[in-house]
Amino acid sequence: MTLLAAQVDEACDFLRERWPVRPQVGIILGTGLGGFASEIEVEQSWPYDQVPHFPTSTAVGHRGHLCCGRVMDMPLITMEGRFHLYEGYSPQQITLPVRVMHRLGIELLIVSNASGGLHPNLRVGDIVVIDGHINCMFANPLIGLNDPIYGPRFPDMSRPYDPALIEQSLAIARRHEFRASPGTYVSVVGPNYETRAEYRFYRKLGGDVIGMSTVPEVIVAAQLGLKVLAISTVTNVCRPDCLTETDGHEVVAAAAAAESKLHVIVREILGNMNPRRARL
C-alpha cells in the first residue's frame, strides 16, 4: 500500500466511524463562498486539523471545516475552504480531500472559486461556469508513483467538466435572470496578483478568468472518474490598460456579495439529481 492510500484510508476510517453515510456529492467552497454551508442540514462537522492528514486552511475567508449533512435529503460532504499551493502545501496534500470524498462514495464534485475577470465583457459579480482550464501552476498532483486504485496513469482531460451540468447551470442562471457564461479558467500559484503584462499574456492564451486554485482538484477528480461542476465568481476585473489595485479582503467581500447566485445554481443542480425532493 502506498503512503497516499494509507492516508486516504485513515481519513476515511475517521469519518465513517463518526458519520456512517455514503455521500452522493462533494462540494469545495472557495474564497468568500463558505456561506453555502448554511444551506446544509448539518449532521457532523470537524475543523480540518481534527481530520487525519488534512492540512490547515490559512487563506482569507476560508473557515477550514469539513461538514457532513444533507440538502433536500441528499447526503453530501462539504469543504468550507480549501488548500492552495501558495500556502506551502504540495499538490498531493491539497487534493487528498478529493480522494477521500471519492472513497466515501461521491459521484459528483462541485467546486467553487473566486476569480479575476480576464474577458473584457465580464463584470464584478458575474458567474462563469468553467468549461476548460489552462494549468499555469507548473505543478500536477499526479506526479510521482501512480497507484492504479485511483485510476489511469495518463487520465484523459478532453472533458474534465461535465457538459450536461454546464448547460444546466447556464439555464438556471437564465431562468433567474443573472449573468452567467461558460469560460476558461487559468490557474496560477499566487499568492501575488498579476502584473499588467501577465494579464495580457493570460488573456492571449485564451483565459476568461484567473485564480489560484481548482485545477489540481479537477485533475484528480478526472483521474478518479468523477463528474465535475466548477463555478467561478468574478470578484475583480483585470483590465491591463486601466488596472486598479486588488486587495484580498475586497475579493472576499465581492465573492460574498454574489454568493446567492451560487446557492441558486447548486440547489437546483442537487434538486435535478433528486426530482422528488425538488418538488416538495
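Preceding block: the structure.
The sections below set out a description of the structure shown in this document. Just so we're clear, the structure is a prediction, and the values are computed from it rather than from any experiment.

**What to know about the overall build of the protein chain**
- Along its length, the protein chain carries eight helices and nine strands.
- Compactness check: the protein chain gives a C-alpha radius of gyration of 18 Å against a globular reference of 19 Å for 280 residues, within 12% of the reference.
- Seen through its C-alpha atoms, the protein chain measures out along the principal axes to roughly 55 × 50 × 35 Å.
- A buried classification covers 55% of the 280 residues belonging to the protein chain.
- Counting contacts in the protein chain only where the partners sit at least 6 residues apart, residues at least 24 apart contribute 83% of the total.
- Only carbon and sulfur atoms are counted for the fraction: they give 51% of the accessible area of the protein chain, which is about 12100 Å².
- Taken as two groups, the 25 positive and 29 negative side-chain charges of the protein chain have centres that lie 6 Å from each other.

**Examining helix 1 (residues 3-18)**
- Taking 1.5 Å of rise per residue, the 16 residues of helix 1 would be expected to cover 22 Å, and the 23 Å separating its terminal C-alpha atoms lies within 8% of that figure.
- For helix 1, every residue scored as buried is listed here: Ala5, Val8, Ala11, Cys12, Phe14 and Leu15.
- Tucked inside the fold, the buried residues of helix 1 contact strand 2 (41-47), strand 3 (65-71), strand 4 (74-80) and helix 2 (91-104).

**Concerning the pattern of salt bridges**
- If you walk through the whole model with that rule in mind, you get nine salt bridges.
- Of the charged contacts, one joins Arg267 and Glu39 as a salt bridge, the two residues approaching to 2.9 Å between their closest N and O atoms. Here the residue Arg267 occupies a position in helix 7 (residues 259-273), and Glu39 occupies one in the loop between strand 1 (25-29) and strand 2, the gap between them amounting to 228 residues.
- Of the residues examined, Arg267 reaches a relative accessible area of 31% and is grouped as partly exposed.

**Considering the packing of helix 2 against helix 5 (residues 215-224)**
- Two elements in contact, helix 2 and helix 5, have axes separated by 9 Å at closest approach and are oriented at 30 degrees. Seen along the crossing, helix 2 lies across helix 5 with a hand that is right-handed. Contacts between helix 2 and helix 5 involve Ile94, Thr95, Val98, Arg99 and His102 from the former and Pro216, Glu217, Val220, Ala221, Gln223 and Leu224 from the latter.
- Of the residues belonging to the contact of helix 2 with helix 5, the class tally is six nonpolar, three polar and two charged.

**Some details on the pairing of strand 5 (residues 108-117)**
- In terms of burial, strand 5 is a largely internal element, ten of the ten residues being buried.
- The pairing of strand 1 with strand 5 spans four bridges and is parallel. Bridge pairing in strand 5 links Ile28 to Val111.
- Here strand 5 runs beside strand 9 (residues 227-237); their pairing, made up of ten bridges, is parallel. Bridge assignment links Ile110 to a residue of strand 9, and that residue is Leu229.

**Topic: the side chain of Asn236**
- Inspection of the secondary structure assignment puts Asn236 in strand 9.
- Of the residues examined, Asn236 reaches a relative accessible area of 13% and is grouped as buried.
- A polar contact of 3.3 Å, which involves the side chain of Asn236, links it to the side chain of Thr235.

Conventions adopted
- Residues numbered from 1 in each chain as written.
- Predicted model: local features only at pLDDT ≥ 70, side-chain atom pairs only at ≥ 80, totals over all residues.
- Heavy atoms only, no water.
- Helix = DSSP H or I, 4+ residues; strand = E, 2+ residues; numbered from the N terminus.
- Rg over C-alpha atoms; globule rule 2.2 N^0.38 Å.
- Buried < 20%, exposed > 50% of the residue type's maximum accessible area, 1.4 Å probe, protein only.
- Contact = heavy atoms within 4.5 Å.
- Areas by Shrake-Rupley, 256 points an atom, 1.4 Å probe, with all protein chains shown as cover.
- Lys, Arg positive; Asp, Glu negative; His and termini not counted.
- Charge placed at Lys NZ, Arg CZ, Asp CG, Glu CD.
- Expected span 1.5 Å × (residues − 1).
- Salt bridge = Lys/Arg side-chain N within 4 Å of Asp/Glu carboxyl O.
- Axes fitted to C-alpha atoms, helices over the stretch in contact; angles between N-to-C directions.
- Left-handed = near helix turned anticlockwise from the far one by under 90°.
- Nonpolar A, V, L, I, M, F, W, Y, C, P; charged D, E, K, R; others polar.
- Pairing = 2+ DSSP bridges.
- Polar contact = N/O pair within 3.5 Å; in protein donor to acceptor, adjacent residues only side chain to side chain.

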